[in-house]
There are 2 protein chains.
Amino acid sequence: MKKIRIGIAGYGNLGRGVELAIQKNSDMELAGIFTRRNPADVKPVTAGAKVYALGDAAAHKEDVDVMILCGGSATDLPEQTPQLAQWFSVIDSFDTHARIPEHFAAVDAACKAAGTLGVISVGWDPGMFSLNRLYAESILTEGGTYTFWGRGVSQGHSDAIRRVPGVKRAIQYTVPVEAAMDAVRAGKNPELSTREKHLRECYVVAEEGADKEAIRKAIVTMPNYFSDYDTTVTFMEEEEFLKEHNQMPHGGFVMRSGVTGEGTHQMIEYSLKLGSNPEFTASVLIAYARAAARLRGEGQTGAKTVFDIAPAYLSPLSGEELRSHLL
Amino acid sequence: MKKIRIGIAGYGNLGRGVELAIQKNSDMELAGIFTRRNPADVKPVTAGAKVYALGDAAAHKEDVDVMILCGGSATDLPEQTPQLAQWFSVIDSFDTHARIPEHFAAVDAACKAAGTLGVISVGWDPGMFSLNRLYAESILTEGGTYTFWGRGVSQGHSDAIRRVPGVKRAIQYTVPVEAAMDAVRAGKNPELSTREKHLRECYVVAEEGADKEAIRKAIVTMPNYFSDYDTTVTFMEEEEFLKEHNQMPHGGFVMRSGVTGEGTHQMIEYSLKLGSNPEFTASVLIAYARAAARLRGEGQTGAKTVFDIAPAYLSPLSGEELRSHLL
């Protein structure tokens, strides 16, 4: 059987995660890594992997079945996904929730013009969490949906701390509040403020001689990022920091608390506990890349999301096998 | 907008659950209840609801968009689903896992011959649990999948106890073993025996003068049902039994413990805590009835399962609304 040939556009943590995920899927192979850096400077994990300049991607349109975009949502994907859709079926993990409609429209137009297929916003949120919100709300039409994130590293909040004067290294963990989750599970349908849902834990290495109290105050009062939360700031030595905070765990919970009939409480809960956020996102991307290759093979074009794709397309197993073993 | 007209075939706990679920979905209406009993003996919850003899169903083929079959899997559904598929698009909750392939084939043949659509094995297991097994295994290809059931009432086991001489009333709760679930969550990928996964709790009202020790022994040694489990038998007075054991709660857990990259642990967990098993199953059936009506409207025919249906079909919201609000 012919393998699905995957291209990786962008080789950071996510791109490397995709490369590793290909190795765990025997129906896939790595066609090439496409980078904005000098290709000679990229050292893939896979022996013999080809590295190309992203600007030369069009020349490889016959060699790639699905191009997985691994850039950032702020500036990379809004430009790159529609552009690469001119030549490839594409898939990305675009995660700026508010801008999904315009990104969908741009990718849809590019795909339809080129006769390619694009799947956007694939990962866990958006992605698996979105799916669980949709399934749960379609089943329990009367009720409340709650999403909690963590315990996990927020890159955006970590970056914000690193911009505070006197901060040498920093990391921020988003932590869901157990009491809030328990109230939801008990069917209380609480109205929860931002502060009641999540805590923010910050670990900071200060520059030598920096005013730690000033740093702490700058962090906890920072608007948008921290001022609406209960935030703790823990200072530590660099050596300890590098040893204890070098992973990217994350996860969270989607809960739907609803009622059926004459008020019977029903509870649906989905949770992820991820040792590595980028490696998990990469694994979701790879499963949907399989779906994208198949849907394109059936003649479909245009933009899709996880909502539009039947689950069977994600699995290498046949319909008969799925019905026998997993149903 | 024209409402989706739902027929209910079989009016027990599940059929009544479907009737109640229709009332929580404003795009649906009850077209009629079809029963093997004397229609005059059926008292629907819905004011003015029509009740027909199941044998006369064919006469109502133009009045029903989707027929939801609410009979049992042992003898009702293998016969009724293919039969009613001659006239209606159908949906059932067939849950005899081992016989799903033959049931699928029978419904598929009937639907294709008649130009109707059938969705089989819809509910929570098979159903939502199956979906979660499929999604989780497609994402985390290296790992173990574990399904735990409970705490909840097993009808089959309750029935088995009631056949023991001297038993007047009985109910059985399946209880997942917390220690086993915690071992899975910790990434230990344990090999679990039947006994290590679930406990069985039995509550029994004995006939007057019955030998309780003989009843207890007959239960705990019963092959297939109890002998492979740690089983407790608690005797109680009838009044207390009727007060405390008159609900049908159930639920359970689907867990996937996997690794990505060079051995990073990743954990996916889906759980249900259901106040009423039949009302929840009915709510899943109704969501998939919406999908069935739409798929049939697009010209599709034949048998499908939850694996074959894109999630967006379950929701009354448009693609644009779903992308804006739930993605």
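What this report covers is the structure whose coordinates are included nearby.

Definitions and limits used
- Residues numbered from 1 in each chain as written.
- Chains lettered and ligands numbered in written order.
- Predicted model: local features only at pLDDT ≥ 70, side-chain atom pairs only at ≥ 80, totals over all residues.
- Heavy atoms only, no water.
- Least-squares fit on C-alpha atoms with pLDDT ≥ 70 in both.
- Contact = heavy atoms within 4.5 Å.
- 1 Å grid on protein atoms, 1.4 Å probe; cavity = no way out; pocket = protein on both sides within 12 Å on 5 of 7 lines; lining within 4 Å.
- Points joined across faces, edges and corners; volume = space filled by probe spheres on them.
- Helix = DSSP H or I, 4+ residues; strand = E, 2+ residues; numbered from the N terminus.
- Salt bridge = Lys/Arg side-chain N within 4 Å of Asp/Glu carboxyl O.
- Polar contact = N/O pair within 3.5 Å; in protein donor to acceptor, adjacent residues only side chain to side chain.
- Nonpolar A, V, L, I, M, F, W, Y, C, P; charged D, E, K, R; others polar.
- Pairing = 2+ DSSP bridges.

Expressed as a screw transformation, the operator carrying chain B onto chain A has a rotation angle of 180 degrees and an axial translation of 0.0 Å, and the superposed copies differ by an RMSD of 0.0 Å. Put plainly, the chains are arranged around a two-fold axis. Rotation axis and chain B: the residue whose C-alpha lies nearest the axis is B:Ala310, separated from it by 1.9 Å. Take the interface residues of chain B: 100% of them recur as interface residues in chain A, which is what a same-surface contact looks like.

A few words now on empty space enclosed by the protein. According to the stated counting rule, one finds 3 cavities of 30 Å³ or more in the structure shown. Quantified by volume, the largest cavity comes out at close to 80 Å³. Lining the largest cavity are 14 residues; nearest its centre among them are A:Ala21, A:Lys24, A:Ser283, B:Ile139 and B:Thr141. Mapped onto the lining of the largest cavity, the elements with two or more residues apiece are α1 (13-22) and α10 (277-297) of chain A together with α4 (128-139) and β12 (250-260) of chain B. Estimates place the volume of the second largest cavity at around 60 Å³.

What follows is about the interface of chain B and chain A. In this assembly, 62 residues from chain B lie in contact with 62 residues from chain A. On inspection of chain B and its partner chain A, the count reaches 2 salt bridges. For A:Glu142, the salt bridge is made with B:Lys24, and the minimal N-O distance between the two is 2.8 Å. On inspection of chain B and its partner chain A, the count reaches 31 residue pairs in polar contact (both at pLDDT 80 or more). Every element with two or more residues in the side of chain B that touches chain A is listed here: α3 (100-114), α4, β12, β13 (264-274), α10 (277-297) and α11 (319-325) of chain B. Per-class residue counts for the side of chain B that touches chain A are 31 nonpolar, 19 polar and 12 charged. For strand β13 (residues 264-274) of chain A and β13(B), the ladder comprises 9 bridges, and the chain directions are antiparallel. Considered in β13(B), the bridge of A:Leu272 is made with B:Ile268.

Before going further, it helps to spend a moment on the layout of surface pockets. Empty space within the largest pocket amounts to approximately 1,500 Å³. Only α1 (13-22), β2 (28-35), α2 (76-84), α5 (155-162), α7 (194-197), β10 (198-206) and α10 of chain B provide two or more residues apiece to the lining of the largest pocket. In terms of residue class, the lining of the largest pocket is made up of 15 nonpolar, 23 polar and 7 charged. For the second largest pocket, the calculated volume is near 1,200 Å³. As for the second largest pocket, its lining consists of 36 residues, of which A:Asp95, A:Asp125, A:Gln155, A:His250 and A:Asn277 are closest to the centre. Elements represented by at least two residues in the lining of the second largest pocket include exactly α1, α5 (155-162), α7 (194-197), β10 (198-206) and α10 of chain A. It is α5(A) that contributes the most residues to the lining of the second largest pocket, 4 residues altogether.

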